[in-house]
Amino acid sequence: MQDPYSNRVRGYFVNPVHAGNLQKSYSSDVSVTVDDRQGNTIQLAAGIDGDTLQELRFRALACPHLIAAAEYFCGRFEGRATTSLREFDPRETVRELQIPVSKTGRILLLEDAIQLLRQKIGDNSHS
Amino acid sequence: MQDPYSNRVRGYFVNPVHAGNLQKSYSSDVSVTVDDRQGNTIQLAAGIDGDTLQELRFRALACPHLIAAAEYFCGRFEGRATTSLREFDPRETVRELQIPVSKTGRILLLEDAIQLLRQKIGDNSHS
Amino acid sequence: MANSANQPVYLDYAATTPVDAAVAAAMSACLESPLGFANASSSHVAGRQSAAAIEHARTQLAALLNAKPHEIVFTSGATESNNLAIFGAARQRARRGRHLVTMTTEHKAVTECFEALEREGFEVTWLDPEVSGLLDPVRLQSALRDDTQLVSIMHVNNETGIVQDIESIAAICRARNILYHSDAAQSAGKLAIDVNKLPVDLLSLTAHKFHGPQGIGALYVADRPGCRLAPLIYGGPQERRMRPGTQAVHQIIGFGLAAELAAARQVADVLHFRKLRERLWQGIRDLPDIRRNGAEVHTFPGILNVSAGGVDGESMMLGVEPLCVASGAACNSQSGESSYVLRAMGCSDASAQSAIRFSFGRSTDNSEIDKAIERYRWAVQHLRSLAPSGVATAIRA
Amino acid sequence: MANSANQPVYLDYAATTPVDAAVAAAMSACLESPLGFANASSSHVAGRQSAAAIEHARTQLAALLNAKPHEIVFTSGATESNNLAIFGAARQRARRGRHLVTMTTEHKAVTECFEALEREGFEVTWLDPEVSGLLDPVRLQSALRDDTQLVSIMHVNNETGIVQDIESIAAICRARNILYHSDAAQSAGKLAIDVNKLPVDLLSLTAHKFHGPQGIGALYVADRPGCRLAPLIYGGPQERRMRPGTQAVHQIIGFGLAAELAAARQVADVLHFRKLRERLWQGIRDLPDIRRNGAEVHTFPGILNVSAGGVDGESMMLGVEPLCVASGAACNSQSGESSYVLRAMGCSDASAQSAIRFSFGRSTDNSEIDKAIERYRWAVQHLRSLAPSGVATAIRA
Ligand SMILES: Cc1ncc(COP(=O)(O)O)c(C=O)c1O
Ligand SMILES: Cc1ncc(COP(=O)(O)O)c(C=O)c1O
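Residues numbered from 1 in each chain as written. Chains lettered and ligands numbered in written order. Predicted model: local features only at pLDDT ≥ 70, side-chain atom pairs only at ≥ 80, totals over all residues. Heavy atoms only, no water.

(A) Spotlight on the site of ligand 2. Taken together, 15 residues form the shell around ligand 2, and within it Thr-246 of chain C together with Thr-79, Asp-183, Thr-206 and Lys-209 of chain D come nearest. Here Thr-79 of chain D contributes a side-chain N or O atom positioned 2.5 Å from an oxygen atom of ligand 2. Within the side chain of Thr-206 of chain D, a nitrogen or oxygen atom sits 2.6 Å from an oxygen atom of ligand 2. When ligand 2 sits alone it has 390 Å² of accessible area, and the protein chains cover 95% of it. Residue composition of the shell around ligand 2, grouped by class: 3 nonpolar, 10 polar and 2 charged. (Near = heavy atom within 4 Å. Polar contact = N/O pair within 3.5 Å; in protein donor to acceptor, adjacent residues only side chain to side chain. Areas by Shrake-Rupley, 256 points an atom, 1.4 Å probe, with all protein chains shown as cover. Nonpolar A, V, L, I, M, F, W, Y, C, P; charged D, E, K, R; others polar.)

Right under this line is the structure:
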């Protein structure tokens, strides 16, 4: 069988620079946790100033693909506008990280977490 | 598996010096034919002068063990008294020629032929 | 292969073939490589390498038949492939119907499956061949019923080399949507088979008949609706659950390479066999009362099967030593049973019993054929000289 | 085997073992010898040589178990041996009764047979182990009924190394005249088994677990009245009609030699494994929240199975690379199923999922163990550092 882990997945897995807690505090700190029946858990934390996702962090008890996807997500959206979150496209992650078809289901957990994050940010910004 | 053919069986099979017809004529020529359901056929011919089996010959459409046993029989009893035929012991043949257990049944056909030969010789001598 | 007087002359390639040197080398390399042996079901790096090697071999097998790789299921040989196909299809489809069709001249690895299915309550129609050995497609047509679920008719017969018209047979089955299985143990790797043109659903093959290792085979299972099989063996996810157990990596690698080499050599081999067979037949055909079994029809040129009147089968086998050939008699057994294949073609028991099957290989040469001619002539003449006069019954019934 | 930083470190000997160099050489010699490949069913001189080689191997296998040669039936591996034993005994004895007994922690090659038999209308009692992993013989006693025909309880468990008390189990079955089968795939060739002392009727083994080739195994079938099996595969007289098909000569030769070598090396190997396992366990046991599965009972020293809280199984497998080990998680599958063996012993799903099985071989050395310690520690610590706080649930239920 092919190696199910692309070099990018391996790289993010071994050295996930966005893993952990927010390093500073921001005008708004939002965090969410989602899990699935298989015991995978994803936690996302966003440090927001104004409209900007100043810092994105994650924690995960999950398979390598999900860890790598979370890291990739944080790296890609950090520094961008909170509204950009709606551009998150799981298919793009699957493609970029070369995630095998059998594992694409797992990425939905990240999508759920991001959606929840958007909601919370929305709620916060309206509050 | 072991070679089912001992060297003696091979020798008799390749060079059965007693195969064929009686070479001369005798005061009494006796011959018998027996066969079994598997298509084996044994023919024995005895050239008798007085009480003596002057010449013994066989013909066979048979497996190698039966051919060898017939040859062995002819060689062993040629020149002996007709009464010696009752000394024929199939077990001795099986032992001497190292005939495998699975083939001992075939030797019974030779025994049948010899018995028939004895009967015929007896009948002849009484006639 | 030149041989001195008492050296065995191997002319039993239809029984099994030597492993090709390149195949043996590939197998040894696998056995000796530091991690080449790893379990292909393991998810670690070594396991993934084994799995990749197996998938490569699957591609090589698929190429031999013009199939898709996932249509190849590895088994332990054609016996198991036949069992998987026949039991698997019959049991899987038992609810739709319990009627099955096969032929009396199939290999035991087919006939015994159907006999066992009869005991399980299936109904089997046993078709006889014509005297030529061929199955008449019209007979097959009329044997098919609405509840027929499976037809199993072999490609090349292992005793006679007779090639059944599997194109017609397959077409008849496909037209009625009945699964068609063919035991191609004797043809795969030797004759071209293209499952894209031949509407066969299940096809059995085995490596050791075409210079691959013994103990590894495959079943082609067409990727078509309705072509599902109940497994014969249970215990894991391997081979799409149709054949669990740790895959034998070195065996599969050898099988794959043998398939690739066979495809490349097929045409040349057949030409070579044709010449050898003609030479052999010309060298013995003048013997009185001998019969070439399968002479009237198309046969695989790697096999020549000859019966002789007035000789015993087992004695023929000893008489032709040091030739290694096959016999129509069940040698060294008390049963004394003779070839049911030849008898189904109208041979008498005695004639079937006397039959000798010569089969040729890539490395068989003229000197071996000449030796075969000499030994065969000697054996027939010697045994006839021993036989009671009058019992040399004519072999033609 | 010393390894540089990224070289795989193979610690998955319970999955499969490399073929012993002497075994590989014997197999190659067979494959390359001019007639060593001949079909052992052929009555010619080459065939008889193959048959003799097979009978020699059968003697070697028999010696390993202190059995008689004719009690050894060659199969394609333990999966097939288990299937033959279980289906064969159940179907053969179905008229006497349809109740069967096994354990939930058996290998899939056993459990899936019993599941299939349940679908065929047999009644199966599934015994759970104690939390220790052991089967309580009293439980077995009370599960037996007058219509019980077969009990199947493995010897050494493939995931945990737990050694069942098969002496007691066998004695219980024999006393009630119930057939007893044991899957000894993980113990044969590694632990002494003497069928003259152990009243077992059927015992499965496989070459590739003790440095023999993949794709060849055996079933020991005691020569006792009542110990007859319906065949699983039909098609010829080989292996006393219990397992037809052309015998794989090179595979059987390799198996025989591996059995002989295993017997000679068993004691030294076990001592070696014990030291390696202790070194490994001492090197990781101080990690918080880890559990040695099977710690309370006698286990085969070639296996160490460890769960850790707060880590994902598949990520552990990637984290410990380049170690080649086995996981309690079904990696790379959507099922996300975790080891049913560990769950039956009271492990939580998460704990079972996180389990890593280290297993050792003859050539495993301390440097490999030290590498394993280093990689295992790194993986646990790394993954825990990523995990959400609070989810690192304790692994002891
Ligand atoms: C026509 C045919 N079918 C099936 C088989 C069985 O193949 P295997 O020995 O690989 O099980 C053979 C050869 O033995 C054969 O010739
Ligand atoms: C306990 C046990 N039983 C059965 C098997 C199956 O053996 P094989 O791969 O030889 O079919 C294995 C190993 O895979 C095993 O560990």
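(B) Quick look at the side chain of Glu-71 of chain A. All names here are of chain A. Structurally, Glu-71 is set in helix α2 (residues 64-77). For the buried Glu-71, no salt bridge exists, and the shortest N-O distance to an oppositely charged side chain is 7.2 Å, to Arg-57. Of note is the side chain of Glu-71, whose polar atom sits 3.2 Å from the backbone nitrogen of Val-17. In this view, Glu-71 contacts Tyr-12, Pro-16, Val-17, His-18, Ala-19 and Phe-58; residues no more than four positions away in its chain are not counted. (Helix = DSSP H or I, 4+ residues; strand = E, 2+ residues; numbered from the N terminus. Buried < 20%, exposed > 50% of the residue type's maximum accessible area, 1.4 Å probe, protein only. Lys, Arg positive; Asp, Glu negative; His and termini not counted. Salt bridge = Lys/Arg side-chain N within 4 Å of Asp/Glu carboxyl O. Contact = heavy atoms within 4.5 Å.)

(C) Representation of the interface of chain A and chain C. Contact residues are listed per partner, giving 6 residues for chain A and 4 residues for chain C. Carbon and sulfur atoms supply 56% of the area that chain A and chain C bury against each other, a total of about 340 Å² over both sides. Note that Asp-3 of chain A and Arg-48 of chain C form a salt bridge whose closest N and O atoms lie 3.5 Å from each other. In this structure, the connection of chain A to chain C is made through 1 residue pair in polar contact (both at pLDDT 80 or more). Of the residues in the side of chain A that touches chain C, the class split is 3 nonpolar, 1 polar and 2 charged. (Buried area = accessible area lost by both parts, 1.4 Å probe.)

(D) Structural detail: the packing of aromatic side chains. Considering all chains together, one arrives at 24 aromatic pairs over all chains under this definition. A ring pair is formed by Tyr-234 of chain C and Phe-87 of chain D, whose centres lie 5.7 Å apart and whose planes are at 35 degrees; its orientation type is tilted. Placement of the pair is Tyr-234 of chain C in the loop between β8 (217-221) and α7 (249-284) and Phe-87 of chain D in helix α3 (residues 78-92), with the two residues belonging to separate chains. Residues Tyr-234 of chain C and Phe-87 of chain D agree in their burial class; the two are buried. (Phe/Tyr/Trp six-rings, centres within 6.5 Å; stacked < 30°, edge-to-face > 60°.)

(E) The nonpolar core, seen in detail. Core analysis: the biggest nonpolar cluster contains 164 residues, and Leu-202 of chain C together with Leu-202 of chain D have the highest contact counts within it. When near neighbours in sequence (up to four residues on either side) are disregarded, Leu-202 of chain D contacts Ala-85, Ala-89, Leu-150, Leu-179, Tyr-180, His-181, Ser-182, Leu-219, Tyr-220, Val-221, Cys-227 and Leu-229 of chain D. (Core = buried A, V, L, I, M, F, W, Y, C linked by side-chain atoms within 4.5 Å.)

(F) Summary view of the sheet that holds strand β13 (residues 356-359) of chain D. Residues and elements named next belong to chain D. Sheet architecture is open: 4 strands sit in the order β9-β10-β13-β12, paired in antiparallel fashion. Across the chains shown, the open sheet's two edge strands, defined by having one partner strand only, are β9 (290-292) and β12 (326-327). Sheet analysis places strand β10 (residues 303-308) next to β13, joined by 4 bridges and oriented antiparallel. Within β13, the position partnered with Val-306 by the bridge is Ile-356. Contacts from helix α7 (residues 249-284) reach β9, β10 and β13, with the element oriented near 15 degrees to β10. Lying on the sheet, helix α11 (residues 366-386) is in contact with β9, β10 and β13; it crosses β10 at an angle near 15 degrees. (Pairing = 2+ DSSP bridges. Axes fitted to C-alpha atoms, helices over the stretch in contact; angles between N-to-C directions.)

(G) Seen up close, the sheet that holds strand β6 (residues 179-183) of chain C. All names here are of chain C. Spatially, the 7 strands line up as an open sheet ordered β2-β8-β7-β6-β5-β3-β4, and their pairing is mixed. Each edge of the open sheet is held by one strand with a lone partner, namely β2 (72-75) and β4 (123-127). Each adjacent strand pair in this sheet contributes to an overall mean axis angle of 20 degrees, direction not counted. Pairing geometry for strand β3 (residues 99-103) and strand β5 (residues 148-152), over 4 bridges, is parallel. Within the sheet, the bridge partner assigned to Thr-102 lies in β5 and is Ser-152. Taken strand by strand, helix α3 (residues 78-92) contacts β2, β3, β5, β6, β7 (202-206) and β8, and its axis lies near 160 degrees from that of β7.

(H) Region of the structure containing α3 of chain D. If you check α3 of chain D, its first and last C-alpha atoms are 20 Å apart, about what 15 residues at 1.5 Å a residue would give, namely 21 Å. Counted residue by residue, α3 of chain D has 13 buried out of 15 residues, so it is predominantly covered. (Expected span 1.5 Å × (residues − 1).)

(I) Main features of the packing of helix α2 (residues 45-65) of chain D against α7 of chain D. Residues and elements named next belong to chain D. For the pair α2 and α7, interaxial distance at closest approach is 8 Å and the crossing angle is 30 degrees. Looking at the two axes, α2 sits roughly parallel to α7. Of the two elements, α2 crosses α7, and the hand of that crossing is left-handed. Contacts between α2 and α7 involve Ser-50, Ala-53, Ile-54, Ala-57, Gln-60, Leu-61 and Leu-64 on the former and, on the latter, Val-249, Ile-252, Ile-253, Phe-255, Gly-256, Leu-257, Ala-259, Glu-260, Ala-263 and Gln-266. Residues belonging to the contact of α2 with α7 are distributed by class as follows: 12 nonpolar, 4 polar and 1 charged. (Parallel < 35°, antiparallel > 145°, perpendicular 65-115°, else oblique. Left-handed = near helix turned anticlockwise from the far one by under 90°.)

(J) Molecular detail of the site of ligand 1. Neighbouring ligand 1 are 15 residues; Thr-79, Asp-183, Thr-206 and Lys-209 of chain C together with Thr-246 of chain D lie closest to it. Chain contributions to the surroundings of ligand 1 come from chains C and D. A distance of 3.0 Å separates an oxygen atom of ligand 1 from a polar backbone atom of Ala-78 of chain C. Take Asp-183 of chain C: an N or O atom from its side chain is 2.6 Å from a nitrogen atom of ligand 1. Here ligand 1 has 390 Å² of accessible area as a free molecule, and 95% of this is covered by the chains.

(K) Geometry of the interface of chain D and chain C. Facing 62 residues of chain D, the contacting portion of chain C comprises 62 residues. Summed over both partners, the interface of chain D with chain C comes to about 4,500 Å²; 60% of that surface belongs to carbon and sulfur atoms. For chain D, the biggest contributors to the area lost against chain C are Phe-37, Gln-214 and Tyr-234 of chain D; these three give 16% of the whole. Inspection of the chain D/chain C interface yields 6 salt bridges. Where Glu-80 of chain D meets Arg-243 of chain C, a salt bridge forms, and the shortest distance between an N and an O atom there is 4.0 Å. Joining chain D to chain C, the criterion identifies 25 residue pairs in polar contact (both at pLDDT 80 or more). Sorting the residues of the side of chain D that touches chain C by element identifies α1 (21-32), α2, α3, α4 (108-119), α7 and β11 (323-324) of chain D as the ones contributing at least two each. Per-element accounting of the side of chain D that touches chain C gives the leading share, 6 residues, to α4 of chain D.

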